[in-house]
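Working through the structure, step by step
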Amino acid sequence: MTPVRHTQVVVVGAGQAGLAAGYHLRRAGLDFAILDANAAPGGAWQHYWDGLRIFSPPAHSSLPGRPMPQQSGTEYPDAAHVVNYLSGYEKRYDLPVHRPVRVHGVDRSDERLTVRTDSGTWHSQALVMATGSWGRPFVPAVPGRAGFTGRQLHTHGYRGTSGFAGQRVVVVGGGNSGAQIAADLHAVATVRWVTRRPPRLLPDAIDGRALFEIATRRVQDDGPRISDLGDIVATAPVRAARDAGLTARPMFDRLTPAGPAWADGTVWPADTVIWCTGFRPDLAPVGLRRPGGHIPLEGGTRSIEDPRIHLLGYGDWTGPASATLIGVGRTARTAVTGITDLLH
Ligand code: FAD
């Protein structure tokens, strides 16, 4: 017999977004459970590569209530430091995280929500989806991809420079992970970085805090959009690679068995192609309709189709800068205020 449990609110995901929701649910005095598919704390951060550095100092990378400590010897901590911070955060606020528990589906047909997991069923009155996007890597359909005889991986599978020394590596993608992985490999491998349009580095002074402030001003319709300024945070390793000559080429047209090929007949033999082509929100279990794009929301995070459900941390469409450590706390507070209003 699988157990059936009851709580007021189920949060799906114990990454930074789920923990920020937990902090505000605790303060609101609600009964809740956080269900997380990972076996260990840290959300997506536990899967990032060794050389990754966060894009703002700890003082501007903190969840509500508990400042991130400094990491000794560096202004920009690594992913392991963030994992330690998130792990300590769970303990500090005694958040009821259940793991590993994977949510397979949510039945919304009843007065109460039924959350089906691989270790039993939960009934709740409200639900916060905080599943991130790490679980849904996206690779575009490129002609010839299946026939390439070298190795292909996605950001999702990249663990660091080990094994790449002397290789010819094609890094595809003009966003943050493309720039950061191209920069990471630039010192050890022959890197060809390809992007659909010329990569746009944000000005060097724009870090996580500045992004948060720009996104905040945008809510008041005041000031530029982040996308008006650029796509890539110029972290110290990205700046160093740029200064050492890392540049991008236009996207290739197809993959041959040997490597990428361009319309002018150029073929570049490659050992590895790394697809830094993004992720999609991991929202399948909740089964909400998305007519031609994102799931329609109101009040920042609340589903219009089912107001018992909030989506947290998926990008600016679920709250300004809500997919960042510094930004998600404010949106989590908004979501929990909405849930409190619903339940009282
Ligand atoms: P996640 O961290 O992905 O956590 C989601 C959790 O939900 C996971 O533990 C997962 O196991 C769980 N889950 C998923 N599906 C289910 C399910 N069906 N059932 C149960 N559990 C489930 N942000 C910054 O603020 N600063 C940075 O410097 C920065 N650098 C970044 C660099 C890279 C390369 C990337 C990819 C992102 C970076 N980000 C940065 C963004 C940030 O890391 C992510 O946006 C963040 O991890 C998202 O947090 P989250 O809690 O929404 O999701």
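Residues numbered from 1 in each chain as written. Predicted model: local features only at pLDDT ≥ 70, side-chain atom pairs only at ≥ 80, totals over all residues. Heavy atoms only, no water.

Quick word on the site of the ligand
Heads up, the rule is: A molecule or strand has a residue near it when one of that residue's heavy atoms lies within 4 Å. Pairing of N or O atoms within 3.5 Å defines a polar contact, subject to two protein rules: one partner must be a possible hydrogen donor and the other a possible acceptor, and residues neighboring in sequence count only if both atoms are side-chain atoms. Each accessible area value is a Shrake-Rupley result obtained with a 1.4 Å probe; residue values ignore everything except the protein chains displayed when judging cover.
Taken together, 30 residues sit near the ligand, with Asp36, Tyr48, Phe55, Ala323 and Leu325 positioned nearest. In this structure, an oxygen atom belonging to the ligand sits 2.9 Å away from a side-chain N or O atom of Asn38. Contacts to the ligand include Val103, whose backbone N or O atom sits 2.8 Å from a nitrogen atom. Coverage of the ligand by the protein amounts to 90% of the 1,000 Å² it exposes when considered alone.

Section: the pattern of salt bridges
Note that side chains of opposite charge can pair when their charged atoms are close. So the rule is basically this: Salt-bridge detection follows one rule: a side-chain nitrogen of Lys or Arg within 4 Å of a carboxyl oxygen of Asp or Glu. In this text, helices come from DSSP runs of H or I with a minimum length of four residues, and strands from runs of E with a minimum of two, each type numbered from the N-terminal end.
Counted according to the given criterion, the structure contains 10 salt bridges. Where Arg108 meets Asp306, a salt bridge forms, and the shortest distance between an N and an O atom there is 3.5 Å. In this pair, Arg108 sits in the loop between strand 5 (103-107) and strand 6 (113-117) while Asp306 sits in the loop between strand 17 (302-303) and strand 18 (309-311), placing the two residues 198 residues apart along the sequence. Residues participating in the shared-partner salt-bridge network are Arg108, Arg289, Glu305, Asp306 and Arg308.

Here we look at the environment of Ala263
Threshold: In this scheme, a residue with accessible area under 20% of its type's maximum is buried, one over 50% is exposed, and one in between is partly exposed, where area comes from a 1.4 Å probe on protein chains only.
Secondary-structure assignment places Ala263 in the loop between strand 14 (260-261) and strand 15 (272-275). On the basis of relative accessible area, Ala263 is assigned to the exposed category, the value being 74%.

Some details on unusual backbone geometry
Look at the link from Arg99 to Pro100: it is a cis peptide, with omega at -5°. Along the chain, Pro100 turns up in the loop between strand 4 (97-98) and strand 5. Even without being a glycine, Asp94 presents a positive backbone phi close to 50°. Here Asp94 is to be found in the loop between helix 2 (79-92) and strand 4. Even without glycine at this site, Ala321 takes up a positive phi of about 55°. Examined against the element boundaries, Ala321 turns out to sit in the loop between strand 18 and helix 7 (325-343). The exposure class of Ala321 is buried, given its relative accessible area of 7%.

What about the packing of aromatic side chains?
To keep things clear, this is the line we draw: Note on aromatic pairs: the rings of Phe, Tyr and Trp (six-membered ring only in Trp) are paired at centre separations within 6.5 Å, and the planes decide the class, stacked below 30 degrees, edge-to-face beyond 60, tilted for the rest.
For the structure shown, the criterion picks out 13 aromatic pairs. Centre to centre, the rings of Tyr48 and Trp49 are 6.5 Å apart; their planes meet at 50°, and the pair counts as tilted. When the ring of Phe252 is compared with that of Trp262, the centres are 6.1 Å apart and the planes differ by 85°; the resulting orientation is edge-to-face. Pair noted here: Phe252 is in the loop between strand 12 (248-250) and strand 13 (254-255) and Trp262 is in the loop between strand 14 and strand 15, with a separation of 10 residues, a long-range link. According to the relative accessible area criterion, Phe252 is buried, its value standing at 4%.

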